[in-house]
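Listed below, chain by chain, are the residues.
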Amino acid sequence: MVLVAESEVVCPGDKLGRDNEDCVSGANTHVYKGYVIASTLGKLVCEQPSKLDFGLDPGSTTTTTTTTMGEASGKRLPVVSIRAEGSKPGQGEESVGALSIGDEVLCRVKRLNPRYASCDISCKGNSPLIKEFLGIIRVQDVRATEIDKVSILSSFRPGDIVRAEVISLGESQSLLLSTAKDHLGVLHAKSEQGETMVQVSPTEMLCPVTKAREERKIAQ
Amino acid sequence: MEGGRGDGRGPLECRATFLRTGVVGGATGSAYLEVGRSTRMVVSVWGPRQRDRDGEGSSPHEMQLDCHVHLPFARGEAEEAAGSRGTERERTLARQLEQGILPSIQQDRLKKCCVEVQCTILESNGSDFTPAILCTSFALASSNIPLYDLMTSCTLVVVEGRILLDPTAAELARSEDEVSLAYMPSRDQVTFVQACGDWSERSFKECMDNCVDGCKKMRAVMRSFLVELGEGGGRPASHSLDYFQGGGEVCDQGPGAGEDDAGEKAPMSGGDDDEPRREGGGGAARFEESRVSEKLGNLVVADQDLDAELDTLLDV
């Protein structure tokens, strides 16, 4: 039995229910001394995992754990999460813009160097960060194959919008980013004339005005 | 007057508190606090942003909390000379605020980030630490930064052998002993203690318990403000200032109101405060020895000297 009614407002520190007995901890909650506790202010959302979820989406860890737990006691446990005020369902999964390893980010290339490209990270997934973070894409993290032949200058140019993945929080100030996956790389680039370029081959973009070709690591 | 305090409060009653969020545009979270019409402050929370410098000996992956306290109307010529670094009083308070509030933030979810807290004290009557903790905690809660609990705080003084909760500046000046603590009610953890004066073991335990009870009441007050804020669709919670006149005693929620109130709304809004709810306030202090030792196990003591002093006290 979840202690708080659905869509009631809870605030940090409120007990929501016993962990793995009443409910399972979801977004913006944490577990302390056997209880699921709210971490942020917002409305409580209880999601009852359905049979369909189990059949179609065995990869989702939350659903799988819930179902296993639920089956052991003969019933399914709801996943409790907190939705911050103003965010739509599906959004606001994470309360604030702290980056962690594995997050996909959008960044803008600032300057190049033979060893790495420096970027300003402005979005985490599809939601903008409060303030930009610094990141670098090292030459060995640009591509998954033939990494010894990669040149930063033929992969990015300043001003490019790049989708990348956080691979490490890094030793110094910058986060380490990687584009070594097919769907990662340059999303939007402008030619020297200032025109938005179009992709013409897996590694080349064409300026529609001057017909000049420039090399990039393009997101496929 | 019961207890003979200047404002008609009982010895264990807090002053009425008024809180409001969303007062600083552009900040991630902000709060305005008034305690009994004579302490006023504004706290704004900025970030999380990327850490810009390496903290003092801390790992670069750790979260950094950057607290600044401003006392713009308490500046004399000597203070003006201190320049942008702030006066001694401002820096001490900022350090205490940082120590007191940091344990309530889920730091592992804010790696390599910096959260900045700007606290401006406009008017002060009594302890600065307690309202600063309350206001910062409220601003953090409204900013969606992940927290373990609402941090609450309470100050208590002993004047002529009597315990007075939430002292005014006049009471503070006459006090023999003083203790302030920051406490997370739903986790039952004390995160900051500052005590000065001449304590015996028994009186210290008694004061700690009274402080903790005050904190629990404070949590219920803060929670009811926050719930109203959440239900108001994100608009700043606006309470009329009549709130103060309606019985004036908002801190009295009965004992343990903060403990198991997940589903229960704190019974206070607008003017329906006339009904007396005095079970927790006027009564004699309750002693629960086991609770105290449990709390002392969680102590994070600011001052090394105090730490040693506490040890000797508890060994008796």
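Named according to an unreviewed UniProt entry, chain B is Exosome complex exonuclease originating from Chloropicon primus.

Per an unreviewed UniProt entry, chain A carries the name Putative exosome complex exonuclease and comes from Chloropicon primus. Turning to chain A, the UniProt annotation filed under Subcellular location (unreviewed entry) states: "Nucleus, Nucleolus".

**Q** So what's going on with the sheet that holds strand β16 (residues 213–215) of chain A? Residues and values would help.
**A** All names here are of chain A. With antiparallel pairing, 3 strands are arranged side by side in an open sheet as β14-β15-β16. Pairing within the sheet leaves two strands with one partner each, and these edge strands are β14 (198–201) and β16. For this sheet, the mean inter-axis angle between neighbouring strands, taken without regard to orientation, is 40°. Pairing of β14 with strand β15 (residues 204–206), which is carried by 3 bridges, proceeds in the antiparallel orientation.

**Q** Give me the packing of helix α2 (residues 88–101) of chain B against helix α3 (residues 129–141) of chain B: which residues, what numbers.
**A** All names here are of chain B. The interhelical angle for the contact between α2 and α3, taken along N-to-C directions, is 50°, at an axis separation of 10 Å. Between α2 and α3, the crossing angle belongs to the class labelled oblique. Relative to α3, α2 is oriented so that their crossing is right-handed. Counting all contacts with α2, which are made through L93, Q96, L97, G100 and I101, the residues of α3 involved are F129, A132, I133, T136 and S137.

**Q** Summarise the sheet that holds strand β1 (residues 9–10) of chain A; cite the residues concerned and give the values.
**A** Residue and element names in this part refer to chain A. What the 4 strands build is an open sheet, ordered β1-β6-β7-β3; its pairing is mixed. For this open sheet the edge positions go to β1 and β3 (24–25), each flanked by a neighbour on one side alone. Of the strand pairs in this sheet, β3 and strand β7 (residues 79–83) are connected by 2 bridges, and their pairing is parallel. Across the sheet, residue S25 finds its bridge partner in β7, namely V80.

**Q** Break down the interface of chain B and chain A for me, with residues and values.
**A** The interface is formed by 33 residues belonging to chain B together with 31 residues belonging to chain A. For the side of chain B that touches chain A, the elements supplying multiple residues, two or more each, are β3 (39–50) and α5 (201–231) of chain B. Among the elements that line the side of chain B that touches chain A, the one with the most residues is α5 of chain B, at 5 residues.

**Q** If you had to explain the UniProt feature "domain: Exosome complex component N-terminal" (unreviewed entry) in chain A to someone new, which residues and values would you point to?
**A** The feature "domain: Exosome complex component N-terminal" (unreviewed entry), as annotated in UniProt, sits at residues 9–44 of chain A in this numbering. Between the first and last C-alpha atoms of residues 9–44 of chain A the distance is 6 Å; the span itself is 0% helix and 53% strand.

**Q** An account of unusual backbone geometry is needed here, citing residue identities and associated values.
**A** Cis rather than trans, the peptide bond between G47 of chain B and P48 of chain B has omega equal to 5°. Relative to the elements of secondary structure, P48 of chain B occurs in strand β3. Positive phi, close to 60°, is recorded for N20 of chain A, a residue that is not glycine. Its place among the elements puts N20 of chain A in the loop between β2 (15–18) and β3. One non-glycine residue, E160 of chain B, lies in positive phi territory at about 50°. Tracing the chain through its elements places E160 of chain B in the loop between β6 (152–159) and β7 (162–165).

**Q** Could you give an account of the UniProt feature "domain: Exosome complex component CSL4 C-terminal" (unreviewed entry) in chain A, with specific residues and numbers?
**A** Under the local residue numbering, the UniProt record ascribes the feature "domain: Exosome complex component CSL4 C-terminal" (unreviewed entry) to residues 131–169 of chain A. The distance separating the terminal C-alpha atoms of residues 131–169 of chain A is 17 Å; by composition the span is 0% helix and 41% strand.

**Q** Tell me about the environment of V212 of chain B, residues and numbers included.
**A** All names here are of chain B. Looking at where V212 falls in the secondary structure, it is placed in helix α5. Assessed through the 22 C-beta atoms surrounding it within 10 Å, V212 is described here as buried. Between the C-alpha atoms of V212 and Q189, which are 23 residues apart in sequence, the distance is 9.7 Å.

**Q** Lay out the environment of F73 of chain B in plain terms, naming residues and giving numbers.
**A** One can find F73 of chain B in the loop between β4 (64–70) and α1 (77–82). Separated by 134 residues in sequence, F73 of chain B and C207 of chain B place their C-alpha atoms 32 Å apart.

**Q** I'd like a description of α2 of chain B, backed by residues and values.
**A** Residue and element names in this part refer to chain B. Compared with the 20 Å implied by 1.5 Å per residue over 14 residues, the 20 Å span of α2 between its first and last C-alpha is a close match. For α2, every residue scored as buried is listed here: E90, L93, A94, Q96, L97, G100 and I101. Burial along α2 is one-sided: seen end-on, the buried residues are contained in an arc of 170°. Those residues of α2 hidden inside the fold are in contact with β4, β5 (113–123), α3, β6, β8 (177–184) and β9 (189–196).

The rules behind the values
- Residues numbered from 1 in each chain as written.
- Chains lettered and ligands numbered in written order.
- Predicted model: local features only at pLDDT ≥ 70, side-chain atom pairs only at ≥ 80, totals over all residues.
- UniProt positions renumbered as here; feature names shortened; annotations may be inferred.
- Pairing = 2+ DSSP bridges.
- Helix = DSSP H or I, 4+ residues; strand = E, 2+ residues; numbered from the N terminus.
- Axes fitted to C-alpha atoms, helices over the stretch in contact; angles between N-to-C directions.
- Parallel < 35°, antiparallel > 145°, perpendicular 65-115°, else oblique.
- Left-handed = near helix turned anticlockwise from the far one by under 90°.
- Contact = placed C-beta atoms within 7 Å.
- Buried ≥ 20, exposed ≤ 12 C-beta atoms within 10 Å, placed from the backbone.
- Expected span 1.5 Å × (residues − 1).
- Arc of directions from axis to C-beta.

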